[in-house]
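An overview of the molecular structure
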Amino acid sequence: MIARSVDPRYTNEQDLSPTYRVDFWSADGVSEEWRLTDVEDVHEVFEWVRSNAMGREASVCLEFSYLSGEQDSTILLRLSGPAPA
Amino acid sequence: MTREQGLEVATADATKASGNEFEIQLTRAGARAMHVTCTGANTGGKALATPHYSKGAGGAIFKTNIKCTGYGAATVRLRGQGLLSFASAKNSNDTANKTFRSRATSDYWQTITVNGPAKTFYTPQENEHGGVGKGFWINTSTWYFNAAGVTSTVGSETKINFLSIVKR
């Protein structure tokens, strides 16, 4: 990991209430996908994951939608765990 | 592509058509050259993930991850075509007289940002799935891309796995 001090003005947009995606992966490769909205913060997400994992591995992502060319695109930004389904 | 005015020369490099890497080079006289490579975004430059049962999809799906790097073009348009086929089998040694049948297909274009994140192509797309079954699953993807009016060569990647994909 590389950490460096920055001028905060290199960004131009903020979303303080993003949507999260959580995919649970069973040992046999089955995925179960959930979309979390109206979330307080990422700590609430990880608490929900702990309550619902039932021994499964969890992929936790942020969801972000944008216009790619002339096409709507939604990207998953991985926060923790394996790649999403 | 060579234009009569001699301002543009473009080549699609067939030697790079390995299924994992395709390359277009565009040279524009008096301007910055373009060079874009689109490759599998998984470990080892692979594009395909193994098919699996998705509860959200209700059956088998697989994904193809592709990223593009280079300079001189902000985006490229990439066409991804996927095919998921299945042949029933008792175990991985049960290989005699197998007939593979198509379970799912996909065919669509996406815009990929050069030097941006990987794009995911799902097979099949939303509201369909490849069903379930125990046996051999073959997934294959074929893709090519366009940039500045130039079309890349075509390649593909294929995987075969013995899997028990069951409804959960």
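A short tour of the structure in this document, coming up. Quick caveat: nothing in here was measured; it's all calculated off a predicted structure.

About the cut-offs
- Residues numbered from 1 in each chain as written.
- Chains lettered and ligands numbered in written order.
- Predicted model: local features only at pLDDT ≥ 70, side-chain atom pairs only at ≥ 80, totals over all residues.
- Contact = placed C-beta atoms within 7 Å.
- Helix = DSSP H or I, 4+ residues; strand = E, 2+ residues; numbered from the N terminus.
- Nonpolar A, V, L, I, M, F, W, Y, C, P; charged D, E, K, R; others polar.
- Buried ≥ 20, exposed ≤ 12 C-beta atoms within 10 Å, placed from the backbone.
- Core = buried A, V, L, I, M, F, W, Y, C linked by C-beta atoms within 7 Å.
- Pairing = 2+ DSSP bridges.

So, on to the interface of chain B and chain A. Listed by partner, the interface residues are 11 residues for chain B and 10 residues for chain A. For the side of chain B that touches chain A, the secondary-structure elements that each account for two or more residues are strand E4 (52-54) and strand E7 (101-113) of chain B. Each residue belonging to the side of chain B that touches chain A can be placed in one class, and the counts come to 2 nonpolar, 7 polar and 2 charged.

Residues and elements named next belong to chain B. Along the polypeptide, Trp109 turns up in strand E7. Under the C-beta neighbour-count criterion, Trp109 is labelled partly exposed, with 15 such atoms within 10 Å. Setting aside residues no more than four positions away along its own chain, Trp109 makes contact with Arg77, Leu78 and Arg79.

Ranked by size, the top nonpolar core spans 30 residues in total, and within it Val36(B), Cys38(B), Val76(B) and Leu78(B) carry the most contacts. The set of elements that each furnish at least two residues to this core consists of strand E3 (34-40), strand E5 (59-71), strand E6 (75-88), E7, strand E8 (119-123), strand E9 (133-147) and strand E11 (155-165) of chain B.

Now for the pairing of E6(B). Note on strand geometry: in a regular strand, side chains alternate between the two faces of the sheet. Residue and element names in this part refer to chain B. Where E6 lies against E7, 12 bridges are found, and the strand directions are antiparallel. Counted as the bridge partner of Gly80 is Tyr108 from E7. Examined bridge by bridge, E6 and E9 share 12 bridges and lie antiparallel to one another. When the sheet's bridge partners are listed, Phe86 is paired in E9 with Trp137.

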